[in-house]
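Inside the fold
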Amino acid sequence: MTQRWDVFCKVVDNFGDIGVCWRLARQLQSEHQLDIRLWVDDLQVAQRLIPSLTLAATEQRVDGIRVMHWCADADFSDAADMVIEAFACGLPPAYIAAMQQQQSRWVNLEYLTAETWAEDFHAKTSPQANGMVRHFYFPGFTQATGGLIRERHIPPVLHPPAKQAVNACKVSLFCYPHAPIISLLSAIAEGKQPVHCYVPSTTILPQVADFFGKTSLQVGQMVSHGALTVEVLPFLSQADYDQLLTRCDINFVRGEDSWVRAIWAGKPFIWQPYLQEEGAHIPKLKAFLAQHYQSMPITALNVSQAMHMAWQDTAFQASVWDDYLAAWSSINAATQEASRTLFSQTDLASKLVIFCNNL
Ligand code: TRH
């Protein structure tokens, strides 16, 4: 009999919560033949990534997934065999009661981090007051963690390392509004290397418009200054966004899901972690750089680290951009190597299925 899985997703902010859950739900359904319900509390945000969603529907089927509106009056009486609580979102008490009755298994999918403690906490349990056991599942970059989301259709990064940066360098820009966006755009515009920068429409557009002395920018608009041309794209479907990353030479990504997609695109990328209190995102960033670029030659590593640190700061120097372009070939080769290493590991959904079946 087909196993029934429920994935619970609370949209805290931005797109990553639903971005991760939607990818995982689809992969579990299509590659592992599971019967999936995805419970989402904010259909409006979900609709940005799943345009065919109907906002008024409490239950609907999209791409083989039953998308359930997680609202106060939803029917929580029927619990699944396997329950994935994404990012400790907290399950409805009525649903937990149903889980207890149906002896469902309960896994909390944690945030991705390259910090070494993820290995220690992965697969640990948390006994609950009602006698149930909640299991912690930590995604990660090593065999001892829960792995990374990667569908079967993603090709391995096979292309040989390029010798030098291409003439018209293509860049994609997806970041949080507090990034030093204007300084980056100035550095690019003043540089020698022509750059075509694709900006999917998000909350950073006002700053990009500001750089060009405009009050606003519209989807489809193309504006240039110096070496920089910016093209405003619509907010893309996940599939189109993934494609964009593979077509660009440098990708600015953020959060969690776009970060992982940049890894599979295998192109040099600059990751902006989600801003956390007391600078907790910085150790997270440093752990990733140390883990991911082990094979990078020291000069390129220094340049890459400087670029990432400058991107977290308000003082972004033009020289950081110039140095990054100069080291591009070397960064590209090391990025591909790192992606290939991760590609050889089992993907998150496959590991999760094995993990759950062993509970
Ligand atoms: O939106 P994010 O910042 O999401 C987050 C936050 O950090 C959040 O706090 C955290 O809880 C969560 O991650 C896990 O960045 P992220 O993770 O990259 O998610 C963006 C999603 O949006 C991702 O699935 C890619 C998708 N996307 C598109 O589908 N089209 C687009 O045009 C763009 C720019 C992104």
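Every chain's residues receive numbers from 1 upward, in the order its sequence appears when written. Predicted model: local features are reported for residues with pLDDT of at least 70 only, side-chain atom pairs are reported and counted for 80 or more only, and whole-chain, interface and lining totals are derived from all residues. With hydrogens and water set aside, each side-chain value is computed from the structure's full complement of heavy atoms.

The next subject is the pairing of strand S14 (residues 269-272). Neither face of S14 is exposed, since Phe 269 and Trp 271 on one face and Ile 270 and Gln 272 on the opposite face are all buried. As judged from the four bridges shared by strand S13 (residues 250-254) and S14, these two strands associate in the parallel manner. Directly across from Val 253, in S14, lies its bridge partner Trp 271. Handedness of the β-α-β unit built from S13, helix H8 (residues 257-265) and S14 comes out right-handed. To sort residues, take the accessible area from a 1.4 Å probe on protein chains only and compare it with the maximum for the residue type: under 20% means buried, over 50% means exposed, and anything in between is partly exposed. A helix here means a DSSP run of H or I that spans at least four residues, while a strand means a run of E at least two residues long, and both kinds are numbered starting from the N terminus. Whether two strands pair depends on DSSP finding at least two bridges between them. Here, the term right-handed applies to a crossover whose path from the first strand over the helix to the second runs clockwise when the strands point away from the viewer.

Turning next to the layout of surface pockets. Taken as a whole, the largest pocket holds about 700 Å³ of empty space. Along its surface, the largest pocket is lined by 38 residues, and Gly 16, Tyr 176, Gly 255, Glu 256 and Asp 257 are the ones closest to its centre. Ranked by residues supplied to the lining of the largest pocket, first place goes to helix H1 (residues 16-32) with five residues. Each residue gets one of three labels, nonpolar for Ala, Val, Leu, Ile, Met, Phe, Trp, Tyr, Cys and Pro, charged for Asp, Glu, Lys and Arg, and polar for the others, Gly among them. For the lining of the largest pocket, the per-class residue count stands at 19 nonpolar, 10 polar and nine charged. Domain segmentation is taken from an automatic or database assignment of domains. Two domains each put at least three residues into the lining of the largest pocket: domain 1 (4-149 + 345-357) and domain 2 (169-343). Think of a 1 Å grid over just the protein atoms. A cavity is a set of points where a 1.4 Å probe fits yet cannot get out, a pocket is an open set with protein on both sides within 12 Å along at least five of seven lines, and lining residues have an atom within 4 Å of a point. Grid points are joined across faces, edges and corners, and a volume is the space filled by probe spheres set on the points. The calculated volume of the second largest pocket comes to roughly 580 Å³. Lining the second largest pocket are 30 residues, with His 153, Ile 154, Ala 239, Asp 242 and Arg 261 sitting closest to its centre. Elements represented by at least two residues in the lining of the second largest pocket include exactly H1, helix H7 (238-247) and H8. Looking at the lining of the second largest pocket, the element that brings in the most residues is H1, giving six residues. Here the lining of the second largest pocket is built from residues that sort into 13 nonpolar, nine polar and eight charged. Mapping the lining of the second largest pocket onto the domain boundaries places at least three of its residues in each of domain 1 (4-149 + 345-357) and domain 2 (169-343).

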